Amino acid sequence: MKQTIHLPLRTLPKAYLLLALVCSCCHTANAQTPERRLETSEVETKNEFRAQYMPKLHGILRGKYEYQPEEDASRFEVRNARLSVNGKMTKRSEYKLEVDLCDESSIKMKDAWVRILPFRSLRLTLGQQRLPFSIDAHRNPSAQFFANRSFIAKQVGDVRDVGFQAGYDFLQKNGRKIVSLDAGIFNGSNLDNQKTAWFSAPAYSARLQFFPVQGLAIVPSLQHQQIAERQASYTSFDIGTFYEQWGWHIEAEYLRKIYAHHAFEDCSSVSALTYYKQQIHRTNSFIEAISYLGRYDFMQDHSSGKGGFEKESTQLVLTDAERHRTTLGLTLSIRNPYFPTDIRLNYENYWYPHGGAKESERDKLVCEVMIRF
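Definitions and cut-offs
- The residue numbering used here restarts from 1 in each chain and proceeds along that chain's sequence as written.
- The predicted origin of the model limits local features to residues at a pLDDT of at least 70 and limits the giving and counting of side-chain atom pairs to 80 or more, whereas totals for whole chains, interfaces and linings rest on all residues.
- Only hydrogens and water are set aside; all other atoms, that is, all heavy atoms of the structure, feed into the side-chain values.
- Elements are defined by DSSP. Helices are runs of H or I of four residues or more, strands are runs of E of two residues or more, and each kind is numbered from the N terminus.
- Each residue's exposure class comes from its accessible area (1.4 Å probe, protein chains only) as a fraction of the maximum for that residue type: buried when under 20%, exposed when over 50%, partly exposed otherwise.
- Contacts were defined at the residue level, with two residues in contact if any of their heavy atoms lie within 4.5 Å.
- Each accessible area is a Shrake-Rupley result for a 1.4 Å probe, and residues are judged covered by the shown protein chains and nothing else.
- Here is the rule: rings of Phe, Tyr and Trp (six-membered ring for Trp) pair when centre to centre is within 6.5 Å. Planes less than 30 degrees apart are stacked, more than 60 are edge-to-face, and the remainder are tilted.
- A ring has a charge above it when a Lys NZ or an Arg CZ is no more than 6 Å from the ring centre and no more than 35 degrees off the ring normal.
- By nonpolar core is meant a set of buried Ala, Val, Leu, Ile, Met, Phe, Trp, Tyr and Cys residues that side-chain atoms within 4.5 Å join together.
- Under the rule applied, a polar contact is a pair of N or O atoms within 3.5 Å (in protein, one hydrogen donor and one hydrogen acceptor; residues adjacent in sequence only if both atoms are side-chain atoms).
- Only four residue types enter the tally: Lys and Arg on the positive side, Asp and Glu on the negative side; His and the chain ends are excluded.
- When a carboxyl oxygen of Asp or Glu lies within 4 Å of a side-chain nitrogen of Lys or Arg, that pair is called a salt bridge.
- We treat two strands as partners when DSSP finds at least two bridges between them.

### Focus: the overall build of the protein
Scanning the protein from terminus to terminus reveals 2 helices and 16 strands. Scored against the burial criterion, the 373 residues of the protein give a buried share of 40%. In the protein, 54% of the contacts between residues at least 6 apart in sequence involve partners at least 24 apart. Surface accessibility of the protein: about 22,400 Å² in total, with carbon and sulfur atoms responsible for 60%.

Take a look at the structure:
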């Protein structure tokens, strides 16, 4: 008859005790793994959903000081206080809402659109948006290089409207964009009164961006818009190009605005700029980069149509007198990974061949601080 021998625990070798402890832990872990994996998978799925579809809040705040030596006068101004919300939704759609709380001391809705992405890089956008036209006029304030916009971007080519726009990108196999085409039809009337914006002939705009090599872009575009309460219209043609490489950005743009039925003399406008961005590689430096900038821009006599017609005439009222301007600038980019901040110092020199300078459009020194988030 066999007898079972019970050895005291202390008599077992330590190696056997360690092996038994490891096996016990592994058994316990294996018993809990399916539940833990399920919980981890659910959390990861929720986090991915939130990251992909949660609305994204962006903003830009621009405050500046200006001094005009001819008048020996100064002023402070909040030029932009913009907030925007954009995001993606299921079923391949996107949206954007952007409002400026201080656009020349007024609250203005800038963008309010929804977009459908049926396949590949096709974009179908409906709502209030900037017309696809020009290079500089299409830039958001957060992407501008100088404290004040060019004449093309501010007076001659800046248009927002409500309508429908389609866009498509032609890509290489490696994903590099070669051609981007955007075109749309719009109300062609005042944004402030969309209920009465019925039209028989819509406004239209189209822009082609061609990127033959890395860093080089050639951008032709056209635009047709109705003005003066649909009593007049114009067609604008624009051609521009820019090149970016090794910290340099070189850009030139020409716009020609032709008024229908000779309601105003045709207007030409030019913008040419360059800047060099020097990175500061010292990690303990307050300044992350320094940009050196220069620009020349010009515009002929121009009418926006907002003033209507001359009294008892079919000629539109002059809005902006012919002018030239050179701008020199220095931009200090502050080292701030969460809220990019720029300090801009610009000097603008104007000259008017035929007079007609406005109070705020003369020689000036500008100091601006811009924060983005």
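The rest of the description comes next.
### Overview of the packing of aromatic side chains
Taken as a whole and judged by the stated rule, the model has 9 aromatic pairs. On the basis of an interplanar angle of 45° and a centroid distance of 5.1 Å, the ring pair of Tyr65 and Phe76 is categorised as tilted. Within this pair, whereas Tyr65 is found in strand β1 (residues 56-68), its partner Phe76 is found in strand β2 (residues 73-89), the two being separated by 11 residues in sequence. On the accessibility criterion, Tyr65 (28% relative accessible area) is partly exposed. Overall, the relative accessible area of 71% leaves Phe76 in the exposed class. Taking NZ or CZ as reference, Lys257 lies 4.1 Å from the ring centre of Tyr234, over its face. Note that Arg323 overlies the ring of Phe151, its terminal NZ or CZ placed 5.5 Å from the centroid.

### Some thoughts on unusual backbone geometry
Look at Glu104: it is not a glycine, yet its phi comes out positive at around 55°. Tracing the chain through its elements places Glu104 in the loop between β3 (93-103) and β4 (106-116). Judged by relative accessible area, which is 43%, Glu104 ranks as partly exposed. In this structure, His261 takes a positive phi of about 55° despite not being glycine. Summarising the element assignment, His261 is placed in the loop between β11 (248-259) and β12 (267-279).

### A word on the nonpolar core
Generally speaking, nonpolar side chains in soluble globular proteins are found buried as a group. One finds Leu131, Val159, Phe186, Ala203, Ile227, Ala228, Ala232, Tyr234, Tyr259, Ala263, Phe264 and Leu316 forming the largest nonpolar core, which totals 12 residues. In contact with Phe264, not counting residues within four places along its chain, are Tyr259, Asp301, His302, Ser303, Gln315, Leu316, Val317 and Leu318. Formed by 9 residues, the second largest nonpolar core is a distinct cluster that contains Phe133, Phe151, Tyr350 and Tyr352.

### Details of the environment of Gln225
Tracing the chain through its elements places Gln225 in strand β9 (residues 216-227). When the C-alpha positions of Gln225 and Thr235 are compared, they lie 6.6 Å apart, and in sequence the two are 10 residues distant. Engagement of the side chain of Gln225 in a polar contact is seen with the side chain of Asp161, the distance being 3.2 Å.

### So, the side chain of Asp238
When you line up the elements, Asp238 lands in strand β10 (residues 232-245). It is Arg207 that comes nearest to the buried, bridge-free Asp238 among opposite-charge side chains, at 7.9 Å. Apart from the residues within four sequence positions on either side, Asp238 is in contact with Phe133, Ser134, Ile152, Val219, Pro220, Ser221, Glu253, Tyr254 and Leu255.

### Description of the pairing of β10
Strand direction decides the pairing type here: β9 and β10, joined by 12 bridges, are antiparallel. In the strand pairing of β10, Pro220 is matched with Ile239. The turn joining β9 and β10, which pair antiparallel and follow one another in sequence, is formed by 4 residues; a positive phi near 55° is taken by Ala228. Where β10 lies against β11, 12 bridges are found, and the strand directions are antiparallel. Looking at the pairing, Glu244 lines up with His249 of β11. Between β10 and β11, which pair antiparallel in sequence order, lie 2 residues; one of them, Trp246, sits at a positive phi of approximately 55°.

### Things to note about the pattern of salt bridges
Counting across every chain of the model gives 30 salt bridges. Between Glu66 and Lys364 there is a salt bridge; the shortest N-O distance is 3.9 Å. In this pair, Glu66 sits in strand β1 while Lys364 sits in strand β16 (residues 364-372), placing the two residues 298 residues apart along the sequence. Residue classification places Glu66 among the buried positions, given a relative accessible area of 4%.

Interpretation note: all reported values are geometric properties and have no functional meaning in isolation.
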